[in-house]
Amino acid sequence: MQPDDFAPGTVWLVGAGPGDPELLTMKAVRLIESADIVFHDALVGASILSLIPSKTETVSVGKRSGRHSKDQRTIDAMLVEAAAAGKRVVRLKGGDPSIFGRSAEELTALREAGYSVYICPGITTACAAAASAGISLTLRGVARDVRFVTAHSRRGAALDIDWNSLAGGGSTLAFYMGREAAGAIMRGLMLAGMAGDTAVMIACHVSGPDERRLTTRLDLLELATRSFAADAPTLIVVGAAVAQAEAAPVGLRNAACSPRSTFM
Ligand code: SAH
C-alpha cells in the first residue's frame, strides 16, 4: 500500500512484534508516527511506546490475562468512536495481530460500522523466540508443521485442547498464554503419549532486555516454569525442533543466544 493509505477515519491494526523496537516493520513505524491516536495493549513495552510522537493521543487498553482493564466490546466501541471522529487510528498489538490478538472482533466492529480497517503484520513471539534461541521451528523430516496453541482458559475451567492431535509428534507446538497452564500442558501431552524427554523451551520477555530462556524436558515443564515470574509474558515451545539448541556446538550456541540456562 502507498503512503496515502491512512486517510482520516481509517484504522490500522498494527503488529508491534515481541518487544524489541528493531523488530517493528518500517510500515508499523510509519503508521505509529502518522496516527492521531494510538490504542495499545499491555504487552507493548515502553521502548516501542516511546516511538509515538508526544503530540499523539495514547490510550492504554491494557489487556493482560486475569487483569482485563477494558473488555473487548469497550475496546471495539472506542476504536469505532475514534474513527467516527475522523481520526487516523492505530491499534497497536503485541506480536502479530492475527495470532491470539482478538483482531477479528475489532475488524468486524469497524467494518460493520462502515470504516476502513487494515492490518500491518508483526513478528509473532514464537518466531522471535526461535530466533533468539538460534533454532528453526520446522525441521526437515522431523518437525513438519508448527502449531500456535492458546493455553488460556477462563479462570478455573479446564483447557479445551485436543491433546491427541498435538501429541503425535512431527509438530512444533508453541503455547501462548501457557505460564499458568504448564502443568496441564505437561500432563495433557504425556497422557496422550508424548515422551517425557521431549525437548521444551520456556521463554519470557522474548527480544527484550529481560529475556530469559530455559531448555528442559517435557516431564520437568511444570517444575521449570515455576522459576519464571508469574506476570512475565511467557511462551512454551515443545518438540524436537527445540533440541537443536542443545545440539549446536558451544561456540555457535553462544553466538546465537543471549543469556540462557539449561535445566535437565
Ligand atoms: N499476538 C501475540 C500474542 C498475544 S497472546 C503474538 O503474536 O505474539 C499473549 C501471549 O503471547 C502471552 O501470554 C505470551 O504467551 C506471548 N507473548 C507475547 N509477547 C511475548 C514475549 N515478548 N515473550 C514471551 N511471550 C510473549
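Residues numbered from 1 in each chain as written. Predicted model: local features only at pLDDT ≥ 70, side-chain atom pairs only at ≥ 80, totals over all residues. Heavy atoms only, no water.

> How would you sum up the site of the ligand? Please name residues and give values.
Neighbouring the ligand are 18 residues; I99, T124, T125, M177 and T234 lie closest to it. T124 places a side-chain nitrogen or oxygen 2.6 Å from an oxygen atom of the ligand. Within the backbone of V206, an N or O atom sits 2.8 Å from a nitrogen atom of the ligand. Here the ligand has 550 Å² of accessible area as a free molecule, and 91% of this is covered by the chains. Sorting the residues of the shell around the ligand by element identifies β10 (199–204) and β12 (234–238) as the ones contributing at least two each. For the shell around the ligand, the residue count by class is 11 nonpolar, six polar and one charged. (Near = heavy atom within 4 Å. Polar contact = N/O pair within 3.5 Å; in protein donor to acceptor, adjacent residues only side chain to side chain. Areas by Shrake-Rupley, 256 points an atom, 1.4 Å probe, with all protein chains shown as cover. Helix = DSSP H or I, 4+ residues; strand = E, 2+ residues; numbered from the N terminus. Nonpolar A, V, L, I, M, F, W, Y, C, P; charged D, E, K, R; others polar.)

> Which residues make up unusual backbone geometry, and what values do they have?
Only a minority of non-glycine residues have a phi that is not negative, and only a minority of peptide bonds are not trans. Positive phi, close to 55 degrees, is recorded for R102, a residue that is not glycine. The residue R102 is located in the loop between β6 (89–93) and α4 (103–112) in this model.

> Give me the side chain of D76: which residues, what numbers.
Checked against the element boundaries, D76 lands in helix α3 (residues 72–84). R73 provides the closest opposite charge to the buried, salt-bridge-free D76, at an N-O distance of 6.5 Å. Excluding anything up to four places from it in sequence, D76 contacts E105, E106 and A109. (Buried < 20%, exposed > 50% of the residue type's maximum accessible area, 1.4 Å probe, protein only. Lys, Arg positive; Asp, Glu negative; His and termini not counted. Salt bridge = Lys/Arg side-chain N within 4 Å of Asp/Glu carboxyl O. Contact = heavy atoms within 4.5 Å.)

> Help me get a handle on the pattern of salt bridges, residues and values and all.
Inspection of the entire model under this criterion finds nine salt bridges. One continuous salt-bridge network, built from bridges that share partners, spans R91, K93 and E106.

> An account of the nonpolar core is needed here, citing residue identities and associated values.
Ranked by internal contacts, the top residues of the largest apolar core, which has 26 residues, are F175, I185, L189, L221 and I236. Secondary structure elements with two or more residues in this core: α6 (163–166), β9 (171–176), α7 (182–191), β10, α8 (221–225) and β12. For this core, the element with the most residues is α7, which contributes four residues. For I185, the contacting residues outside a window of four places in its chain are A151, W163, F175, G178, L221 and I236. If you look at the next biggest cluster of nonpolar residues, it comprises 17 residues, including A126, A130, A203 and L235. (Core = buried A, V, L, I, M, F, W, Y, C linked by side-chain atoms within 4.5 Å.)

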